[in-house]
Amino acid sequence: MAIQTVGIIGAGTMGNGIAQACAVSGIDVVMVDISEAAVQKGLATVAGSLDRLIKKEKISEADKNAALARIKTSTSYDDLKSAQLVIEAATENYELKVKILKQLDTLLAQNVIVATNTSSISITQLAAATQRADKFIGMHFFNPVPMMALVEIIRGLQTSDATHDAVKALSEKLGKSPITVKNAPGFVVNRILVPMINEAFQVLSEGTASAEDIDAGMKLGCNQPIGPLALADMIGLDVCLAVMEVYLKEFGDSKYRPCFLLREMVAAGRLGRKTGQGVYTY
């Protein structure tokens, strides 16, 4: 099935990033959020991102205008009926996502694919809440979406080959490099990344090295573009902690036990860049 129009639920950081990636690649977009202010803020973010690309001479003014013209904003799910794929990019909350998915089920034609941008919730479990489990899949984009090449395509137990192949083809049309992943807590990237961040906190708490030296060591020794502690500040320490707690619960393995220092910093409200203070001060 050729996907020509993509619906996106959520105009926040991930939603508007996905919208930009689609629109720049010639895909029509319907971006929906709960208020006109929210969708207009998302559209303004896309426009600002495109302006930066113009300054870098990566796109032209005409390219920007054409991309923005492909993005329709709405506060009504009814406007998603024209889409062949709808991507749910709402807040990372199971109950909220299930509520949205049930609404979509009653609205969309049975052949429409529904994807979720979740980074941690079970695709199989979310699929079971729909009447289109074979046409449900995970599309985990990475932030910032317009710049990051990776998309994790996560198959639930019920996901059909046709659904997987259509979503993979779309991802490649967006200029992404998709990888196919079985449904499991954290999928692939976060399953490896977040425990590494947790271990960096453990090393810091033991006084083995300073935060600056830990990050420098991983950048210079492992060729990482950003150190794990600085990355934690960017992600949000509360998010890192929540992910580790999910792993501990789901796997029942003590190796996923969150570092005490990470818990302490979250309890103190030092969540990283978004609060101005995390491992580092901003």
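Residues numbered from 1 in each chain as written. Predicted model: local features only at pLDDT ≥ 70, side-chain atom pairs only at ≥ 80, totals over all residues. Heavy atoms only, no water.

- As annotated in an unreviewed UniProt entry, the protein is 3-hydroxybutyryl-CoA dehydrogenase from Comamonas brasiliensis.
- The UniProt entry for the protein carries the following text under Sequence similarities (unreviewed entry): "Belongs to the 3-hydroxyacyl-CoA dehydrogenase family." (UniProt positions renumbered as here; feature names shortened; annotations may be inferred.)

A short note on the overall build of the protein
Part 1 of the reasoning: On a plain count of helices and strands, the protein comes out with 11 helices and eight strands.
Part 2 of the reasoning: Its C-alpha radius of gyration of 20 Å places the protein within 12% of the 19 Å reference for a compact globule of 282 residues.
Part 3 of the reasoning: C-alpha extents for the protein along the principal axes are approximately 55 × 45 × 35 Å.
Part 4 of the reasoning: In the protein, buried positions account for 46% of the 282 residues.
Part 5 of the reasoning: Put simply, of all contacts in the protein between residues at least 6 apart along the chain, 65% involve residues at least 24 apart.
Part 6 of the reasoning: Here the protein displays about 13,400 Å² of accessible surface, and carbon together with sulfur accounts for 53% of that area.
Part 7 of the reasoning: Counting 28 positive and 29 negative side-chain charges, the protein places the averaged centre of each group 2 Å from the other. (Helix = DSSP H or I, 4+ residues; strand = E, 2+ residues; numbered from the N terminus. Rg over C-alpha atoms; globule rule 2.2 N^0.38 Å. Buried < 20%, exposed > 50% of the residue type's maximum accessible area, 1.4 Å probe, protein only. Contact = heavy atoms within 4.5 Å. Areas by Shrake-Rupley, 256 points an atom, 1.4 Å probe, with all protein chains shown as cover. Lys, Arg positive; Asp, Glu negative; His and termini not counted. Charge placed at Lys NZ, Arg CZ, Asp CG, Glu CD.)

Comments concerning the packing of aromatic side chains
Part 1 of the reasoning: Summed over all chains, the structure comprises three aromatic pairs.
Part 2 of the reasoning: Ring geometry for Tyr 247 versus Tyr 256: centroids 5.7 Å apart, planes at 75°, classification edge-to-face. Note on accessibility: Tyr 247 and Tyr 256 belong to one class, buried.
Part 3 of the reasoning: The interplanar angle of 25° and the centroid separation of 5.0 Å between the aromatic rings of Phe 251 and Tyr 256 together place this pair among those described as stacked.
Part 4 of the reasoning: Classification of Tyr 256 as buried rests on a relative accessible area of 5%.
Part 5 of the reasoning: Of the aromatic side chains, those joined through ring pairs into one cluster are Tyr 247, Phe 251 and Tyr 256. (Phe/Tyr/Trp six-rings, centres within 6.5 Å; stacked < 30°, edge-to-face > 60°.)

Let's talk about the nonpolar core
Part 1 of the reasoning: Ranked by size, the top nonpolar core spans 35 residues in total, and within it Val 6, Ile 18, Leu 85, Ile 87, Met 139 and Phe 141 carry the most contacts.
Part 2 of the reasoning: When residues in this core are grouped by element, the largest group, six residues, is from helix H1 (residues 13-24).
Part 3 of the reasoning: Not counting residues up to four positions away in its chain, the partners in contact with Met 139 are Leu 85, Ile 87, Ala 115, Thr 116, Asn 117, Val 151, Glu 152, Ile 154, Val 167 and Ser 171. (Core = buried A, V, L, I, M, F, W, Y, C linked by side-chain atoms within 4.5 Å.)

Side note on the pattern of salt bridges
Part 1 of the reasoning: In total, this model carries nine salt bridges according to the counting rule given.
Part 2 of the reasoning: When the shortest N-O distance is used, the salt bridge between Asp 161 and Arg 155 registers 2.7 Å.
Part 3 of the reasoning: For the salt bridge of Lys 274 with Asp 238, the shortest nitrogen-to-oxygen distance reads 2.9 Å. Residue Lys 274 is found in the segment after helix H11 (260-267), and its partner Asp 238 is found in helix H10 (residues 237-251); the two are separated by 36 residues along the sequence.
Part 4 of the reasoning: Take Lys 274: its relative accessible area is 53%, and that puts it in the exposed class.
Part 5 of the reasoning: A relative accessible area of 26% places Asp 238 in the partly exposed class. (Salt bridge = Lys/Arg side-chain N within 4 Å of Asp/Glu carboxyl O.)

Things to note about the packing of helix H7 (residues 189-205) against helix H9 (residues 228-235)
Part 1 of the reasoning: In the contact formed by H7 and H9, the axes pass within 9 Å of each other and the chain directions differ by 115°. H9 is crossed by H7, and the crossing has left-handed handedness. Where H7 approaches H9, its residues Leu 193, Met 196, Ile 197, Ala 200, Phe 201 and Leu 204 are matched on the opposing element by Pro 228, Leu 229, Leu 231, Ala 232 and Ile 235.
Part 2 of the reasoning: Residue composition of the contact of H7 with H9, grouped by class: 11 nonpolar, no polar and no charged. (Axes fitted to C-alpha atoms, helices over the stretch in contact; angles between N-to-C directions. Left-handed = near helix turned anticlockwise from the far one by under 90°. Nonpolar A, V, L, I, M, F, W, Y, C, P; charged D, E, K, R; others polar.)

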